[in-house]
Amino acid sequence: MCAWILLLLVGVSQNDLPHPQAVWATSPIEIKLVFNRALTPDEQNKIIDSPISFLTPSAKKDDADSPRGTLHIAGATPDDKDGRTLTLATDPHPWNTTFTLDLKGLLGEHAPERFTSYTLSGVEATWEPDVPADAQPTLTTWWPCLDLGQYRMSVGTLLTTDQLQFVKNIDGSLGRGRLTLRTSVGPFAKDQAFDLICTGSLVLEDVTVDNEPAKIDKAAGKARLQIPAGELPVEVAAFIKKGQNLDARGPLLYLITASEPVESVRSGFTLPWAPVRLAADSAAAIEVPDLSGGDPAKGEAVFFGQAAKCGDCHAFQGRGKQVGPNLSDVGKRELSWLYRSIAEPSAEIHPEYVTFTVSVNDGRILAGTVRALDAKQIQVIDTGAQATVLARADINEIRPSATSIMPVGLVGVLGPENLRDLIAYLRSGGNAAAAK
Ligand code: HEC
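Here is what the cut-offs are and how they apply
Counting restarts for each chain: residues are numbered from 1 in the order of the written sequence. The predicted nature of this model means local features are confined to residues of pLDDT at least 70 and side-chain atom pairs, given and counted, to a pLDDT of 80 or more, with totals for whole chains, interfaces and linings taken over all residues. Each side-chain value is worked out from all heavy atoms of the structure, with water and hydrogens disregarded. Angles here are taken between N-to-C directions and fall from 0 to 180 degrees, while the axes themselves are lines fitted to C-alpha atoms, restricted in helices to the stretch in contact. What counts as a helix is a DSSP run of H or I of at least four residues, what counts as a strand is a run of E of at least two, and both are numbered from the N terminus. Any angle between 65 and 115 degrees counts as roughly perpendicular, while under 35 counts as roughly parallel, over 145 as roughly antiparallel, and the rest as oblique. In this scheme the handedness of a crossing depends on how the near helix is turned from the far one: anticlockwise by less than a right angle means left-handed, clockwise means right-handed. Here, two residues are considered to be in contact whenever any of their heavy atoms come within 4.5 Å of each other. Residues are grouped as follows: nonpolar covers Ala, Val, Leu, Ile, Met, Phe, Trp, Tyr, Cys and Pro; charged covers Asp, Glu, Lys and Arg; every other residue, Gly included, is treated as polar. Each metal's donors are the N, O and S atoms within 2.8 Å of it, or within 3.2 Å when it is Na, K or Ca, and because water is not part of the set, sites may look incomplete. Labels for metal geometry use angle windows, namely 85 to 135 degrees for all angles of a four-donor tetrahedral site, and for square planar (four donors) or octahedral (six donors) sites opposite donors over 155 degrees apart plus all others within 65 to 115; sites meeting none of these are irregular. For each residue, the accessible area found with a 1.4 Å probe, counting protein chains only, is set against the maximum for its type, and the residue is called buried under 20%, exposed over 50%, and partly exposed in between. The arc in question is formed by the directions pointing from the helix axis toward the C-beta atoms. Note on definitions. A residue lies near a molecule or strand when any single heavy atom of the residue is within 4 Å of it. In protein, a polar contact requires one atom able to donate a hydrogen and another able to accept it; more generally it is a pair of N or O atoms within 3.5 Å, and residues adjacent in sequence count only if both atoms are side-chain atoms.

Draft legend 1. Broad picture of the packing of helix α8 (residues 335-343) against helix α9 (residues 410-428). Between α8 and α9, the least distance of the axes is 11 Å, while the angle of their chain directions is 140°. In terms of axis orientation, α8 runs oblique to α9. Viewed along their axes, α8 and α9 form a crossing whose handedness is right-handed. Contact residues: α8 offers L335, L338, Y339, I342 and A343, while α9 offers L410, V411, L419, L422, I423, L426 and R427. Grouping the amino acids of the contact of α8 with α9 by side-chain chemistry returns 11 nonpolar, no polar and 1 charged.

In structure tokens, the structure reads:
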């Protein structure tokens, strides 16, 4: 199955509300949302703050208790000359799972099209014309898989200005340029071999698998992709030239395999930048000491004290900061979970507080939790609870990491007595009306 992220109209014509037609991600902190018509500024504003909810990859879909997270939309900027495509500035997507955007604010509670889902699957395609001009700028778009035919089909439904132009560039007899396709495939349990085939006016120049050149048979227009079995997806990049040599059949580009059914070849494309889920090192069961008999009043002093600094990052019952999750309800959870959260912060990271490594164009590398501030800026909060504001345009790369920003070694810093008091404090508030 090719992961279609197209949402075809449900066929209900509801007064003149705009209809969402497609959504896809263009970077870890940005998605595109296409409507059937241009949105007014007021309608654009109604999309800001719409929640995008997601399950952790290990969660079970129907289990209400499975960990869920929410990303926020901090900016909606019209993209096209016709205003139908919006660029939405979001919090970072922590891994590849299903994300569900709820457009209740724009479409109302009862609209059948209120929920729109997407994943981080697909191929990033870039067209660079030989002679750039206004009419022929460099374009980057989303393909469902490494197959021009599939892309044409998706464009047939979408018809955004950029996508139509992209197809014209590839099909037309005038525009010459370079097509770059980047994606990750797999992971596969067995070694796989695929042929990427390119004919007509499209000429394969270079193909790499995990940055190593693949074997190309230029006469046949064929590149052999050897994908080794493994645990992680493998990066594939194809550099294709559109030459003079126009073939009567027109340009063709597709992927085949001799050993697998075609459908399985088409599945499992992930956007080249999509985060891979990283597991923390420590999976071993933890021994929980006797934590009973603490004094909640003393625990409050520990929580807001200078040794542990819990209150610099966490709010509890309306006091403290919001760098990490609000802890007002953690007292209701199992004691072993609570102890582990303090003793081994990275063992199970809250889905909304994943740490990202952000590399900035000026050479800085920051690590911390990341929040979208608005259409132009994000904020990174580090292990010292310090916030740095960065312009989205200055970000070179943003990748999740497997470690929490919560300090390690807190159990040792506190000592057994303070820890008991702290636990007593956190558990004392579990049933009281929590702030937020
Ligand atoms: C520098 C900031 C920082 C400090 C200091 C800090 N934490 Fe955290 N804490 C976090 C972040 C961020 C998370 C969420 C990521 C994760 O799950 O590790 C977290 C997660 C937690 C969780 C799990 C919450 C959940 O809902 O998953 C608990 C419990 C917790 N911290 C307790 C404490 C206690 C108690 C202290 C003080 C002894 C403390 N933290 C100090 C940043 C901090």
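Draft legend 2. Representation of the coordination of the iron atom of the ligand in the model. Every protein donor of the iron atom of the ligand is accounted for by H314 (NE2) and M406 (SD), and the metal-donor separations fall at 2.0 to 2.1 Å. Around the iron atom of the ligand, the 6 donor atoms sit at angles spanning 86 to 177°, and that spread fits a shape best called octahedral. Here H314 is found in the loop between α7 (310-313) and β19 (315-316), whereas its partner M406 is found in the loop between β25 (395-400) and α9, with 92 residues between them in sequence. What makes M406 partly exposed here is its relative accessible area of 23%.

Draft legend 3. View of helix α4 (residues 161-171). Among the residues of α4, those classed as buried are Q163, F166, V167, N169 and I170. One side of α4 carries all its buried residues, which in axial view fall inside an arc of 155°.

Draft legend 4. The site of the ligand, seen in detail. The immediate surroundings of the ligand are formed by 24 residues, with C310, C313, H314, S404 and M406 found nearest. At a separation of 3.1 Å, an oxygen atom of the ligand approaches a polar backbone atom of P345. One nitrogen or oxygen atom from the side chain of S404 is found 2.7 Å from an oxygen atom belonging to the ligand. Listing elements by their share of the shell around the ligand, those giving two or more residues are α7, α8 and α9. Split by residue class, the shell around the ligand holds 16 nonpolar, 6 polar and 2 charged.

Draft legend 5. Just unusual backbone geometry, in detail. In this chain, G186 is followed by P187 through a cis amide linkage whose omega measures 5°. Structurally, P187 is set in the loop between β10 (177-185) and β11 (192-199). In this structure, K309 is a non-glycine residue whose phi angle is positive, near 55°. Take K309: it is sitting in the loop between α6 (296-304) and α7. Even without a glycine there, the phi angle at A385 is positive, about 65°. Note on placement: A385 falls in the loop between β23 (377-381) and β24 (387-391).

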